[in-house]
Protein chains: 2
Amino acid sequence: MSVTAAAGFEASGVVAGLKSSGAPDVALVVNRGRSTAAAAVFTSNRAKANPVLWSQQVIADGRVDAVVLNSGGANCFTGAFGFQTTHSTAETVAAALGVSATDVLVCSTGLIGVGDQTFRDKVLSGSTAAADALSVDGGLDAATAIMTTDTKPKQAVVSGDGWVVGGMAKGAGMLAPGLATMLVVLTTDADVDASGLDSALREATRVTFDRLDSDGCMSTNDTVVLLASAESGVAPPAGDFAAAVTALCADLAEQLQADAEGASHDIRIEIVGAASDDDAVEVGRSIARNNLFKAAVFGNDPNWGRVLAAIGTTSAEFDPYDVDVTINGVRVCHAGAPDRPSDDVDLTPRAVHVLVDLKTGPVEATILTNDLTHDYVHENSAYSS
Amino acid sequence: MSVTAAAGFEASGVVAGLKSSGAPDVALVVNRGRSTAAAAVFTSNRAKANPVLWSQQVIADGRVDAVVLNSGGANCFTGAFGFQTTHSTAETVAAALGVSATDVLVCSTGLIGVGDQTFRDKVLSGSTAAADALSVDGGLDAATAIMTTDTKPKQAVVSGDGWVVGGMAKGAGMLAPGLATMLVVLTTDADVDASGLDSALREATRVTFDRLDSDGCMSTNDTVVLLASAESGVAPPAGDFAAAVTALCADLAEQLQADAEGASHDIRIEIVGAASDDDAVEVGRSIARNNLFKAAVFGNDPNWGRVLAAIGTTSAEFDPYDVDVTINGVRVCHAGAPDRPSDDVDLTPRAVHVLVDLKTGPVEATILTNDLTHDYVHENSAYSS
């Protein structure tokens, strides 16, 4: 169970015909609880899809009754017709549930520019079908229906003292800073108001999804939403709740990394000794986005020179000639010069750990990324065909 | 002819054994003219190789007698021993030519971290051999000796009114902003002082090499140097001279793009309607660095959605819903919505033209890049083996 782990929630996933494969492609998550408090964060890309433009308005009052999601089309850059499709989708769900359309969030994922009349017809009929299929056991169906190039559904649950928070996620490509083609729905039966949800969600995404940078590309549709039903009757301490949401997001982020398009290595880039959080993240991200380093990891080559060349492009506070680089436990560079032989590094396991000590301050941060592979190129060159 | 096209210059290229292939790997360019005025620009990467650290000191007084270049090792992050190798290289060349070591620029290219005693021995003996081999016809030999993964030497000449400027370049990978693994030596017999050379060179690189961004990765060793012998006896108008240097750099930049590692398309990203130069370059670069767009071009897929998703991450002044995108002459996106069918775009030719109209101001800029291919991944995962 995932989005239906918390009391008060129902979910479903149905086949609407948006995916040529015939796989489920419309999901619905509904909050039936005594509270409908909600918070959400969206892509920081200025090119926002219609569902994001709509949902930003819906979340403004901190109340959400339902989230409807479709794969098979991003409904982005589809003009006024596309925005109307999103609006109609919310109205269709609202009518089926007896709620207001302005309390229905809409999420879409798939190709940009897809959103014609056929798309609209399928999304609307799928939304009706999804409302009919709602179930307290529907979490897996929903998680399956939001998959695009994901190879498996992604779910997680974290239990608190008398309450739970669960969630589902999709997003095998375009994982990037500021949340990228990631659709995440989290639900809890804890009694937390919209403001508390917003704080916990922002704290969690800042150190989880925002530090997952698979390929440096940021989507137009990313949405992470957190719904609270209050059905447990428990109002947890803010710290406990935020910690649980962060743990949940970290779990889902690692699942996203492990299923990133075409990847053969999951790379954990740990920056220590930084002067500030911003410095640590900037340095980590510069490595995560360096195609030469990522291609080297694909080839099981612990090319620390490319790590130094990458971090040298940042404005972070450190001396390039005082930096240590350790790859999978072997310190291959000490104070900007070769240390132990690169041949000692075993890069055959999927998990790769790159540790960079900037020797400037006490701050640490970890960025998750993947290698650059033949399969990544293949999947993303053939994606729209 | 290239670096030996201008009167007063000699050059050579010899086999020093640095490359396992046995190909030429040490080059020398010497100014025998009545003037030894010079200017240079270097990588903006903070992780600078030993030859760059040395050469920045050499160029300070605006006089250079010779440039010695080696492939087969970057001599970067090789510690104090590596810097001493660079110093000894300059001294070896200076002794052979009867000039001061502080007037000898040194350039290296190849793997970071390579610079041991064997490397030093070969570079020094190669430098002596290169001095012995100097010739007024040695331009091609020199251009050949600086190649790494380049498949062909790169040379160009532009003629002025009674003077010429010629040059050579290497750099098939890591082409990026701020000049990337690019070694470029330009020579002229025009009578221009160091200050005039510096102005012309900076004006030229700003709109040529600095706008060539093959893979977003910046090298530790990039150097572009311009030497003037004054042997023509002609002091050209500053504007004429700068225009010639810019034309020469543009020619060499296009040769670098056409020979970028693993590329199957040369992509010219033209931004028009920008509010400022910075905006135009930022927008162009965001497309040039978007792996998803570059992989799509490899697959002959005119995926304009990825163009908009890329530019949406910038802070440039424009409305994402008022942008036009034209690919190879077909306007596939108008005002942020689909226009002509993507199927009308023919991406089978190697040359690709992406035109983005931001509709905000009068400024234009062009960024050159390449697609992301299987061969790029392969070459860069196997490079050090």
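Residues numbered from 1 in each chain as written. Chains lettered and ligands numbered in written order. Predicted model: local features only at pLDDT ≥ 70, side-chain atom pairs only at ≥ 80, totals over all residues.

### Points about the domain arrangement of chain A
Residue and element names in this part refer to chain A.
Here is step 1 of the chain: Domains assigned within chain A are domain 1 (9-258) and domain 2 (266-381).
Here is step 2 of the chain: Summarising the inter-unit geometry, the C-alpha centres of domain 1 and domain 2 are found 32 Å apart.
Here is step 3 of the chain: Residues of the side of domain 1 that touches domain 2, tallied by class, amount to four nonpolar, five polar and two charged. (Domains from an automatic or database assignment. Nonpolar A, V, L, I, M, F, W, Y, C, P; charged D, E, K, R; others polar.)

### Considering the interface of chain A and chain B
Here is step 1 of the chain: Each partner contributes to the interface: chain A provides 46 residues, whereas chain B provides 46 residues.
Here is step 2 of the chain: Contributions of two or more residues to the side of chain A that touches chain B are made by helix H8 (291-298), helix H9 (304-311), strand E13 (337-338) and helix H10 (374-381) of chain A.
Here is step 3 of the chain: Sort the elements by how many residues they give to the side of chain A that touches chain B and H8 of chain A lands first, with five residues.
Here is step 4 of the chain: Along the lines of polarity and charge, the residues of the side of chain A that touches chain B split into 22 nonpolar, 21 polar and three charged. (Contact = placed C-beta atoms within 7 Å. Helix = DSSP H or I, 4+ residues; strand = E, 2+ residues; numbered from the N terminus.)

### Quick notes on unusual backbone geometry
Here is step 1 of the chain: If you check the backbone angles, Ala335 of chain A has positive phi at about 50° while not being a glycine.
Here is step 2 of the chain: With respect to the secondary-structure elements, Ala335 of chain A resides in the loop between strand E12 (330-334) and E13.
Here is step 3 of the chain: With 14 C-beta atoms counted inside 10 Å, the residue Ala335 of chain A sits in the partly exposed group.
Here is step 4 of the chain: Positive phi, normally seen in glycine, also occurs at Phe77 of chain B, with a value near 55°.
Here is step 5 of the chain: Secondary-structure assignment places Phe77 of chain B in the loop between strand E4 (66-70) and helix H2 (79-97). (Buried ≥ 20, exposed ≤ 12 C-beta atoms within 10 Å, placed from the backbone.)

### Section: the packing of helix H5 (residues 194-207) of chain B against helix H6 (residues 238-258) of chain B
Residue and element names in this part refer to chain B.
Here is step 1 of the chain: Two numbers describe how H5 lies on H6: the axes approach to 8 Å, and their chain directions differ by 40°. In terms of axis orientation, H5 runs oblique to H6. With respect to the hand of their crossing, H5 and H6 are arranged in right-handed fashion. Contacts between H5 and H6 involve Gly196, Ser199, Ala200, Leu201, Glu203, Ala204, Thr205 and Val207 on the former and, on the latter, Ala238, Phe241, Ala242, Val245, Thr246 and Cys249.
Here is step 2 of the chain: Taken together, the residues of the contact of H5 with H6 break down into nine nonpolar, four polar and one charged. (Axes fitted to C-alpha atoms, helices over the stretch in contact; angles between N-to-C directions. Parallel < 35°, antiparallel > 145°, perpendicular 65-115°, else oblique. Left-handed = near helix turned anticlockwise from the far one by under 90°.)

### Regarding the nonpolar core
Here is step 1 of the chain: Leu28 and Val245 of chain A together with Leu28 and Val245 of chain B are the most contacted members of the largest nonpolar core, which has 263 residues in total.
Here is step 2 of the chain: If you tally residues by element for this core, the top one is H6 of chain B, at ten residues.
Here is step 3 of the chain: When residues no more than four places from it in sequence are discounted, the contact partners of Val245 of chain B are Val165, Leu186, Ala200, Leu201, Ala204 and Leu226 of chain B. (Core = buried A, V, L, I, M, F, W, Y, C linked by C-beta atoms within 7 Å.)

### Some details on the sheet that holds strand E2 (residues 26-31) of chain A
Strands pair in a sheet through their backbones, by hydrogen bonds, and they do so in one of two ways: parallel or antiparallel.
All names here are of chain A.
Here is step 1 of the chain: Spatial strand order, E1-E2-E4-E5: four strands in an open sheet with mixed pairing. In this open sheet, the two edge strands, each paired with only one partner strand, are strand E1 (9-14) and strand E5 (104-108). Between one strand axis and the next, the sheet turns through 10° on average, direction left out of account.
Here is step 2 of the chain: Sheet topology places E2 next to strand E4 (residues 66-70); five bridges connect them, and they run antiparallel. (Pairing = 2+ DSSP bridges.)

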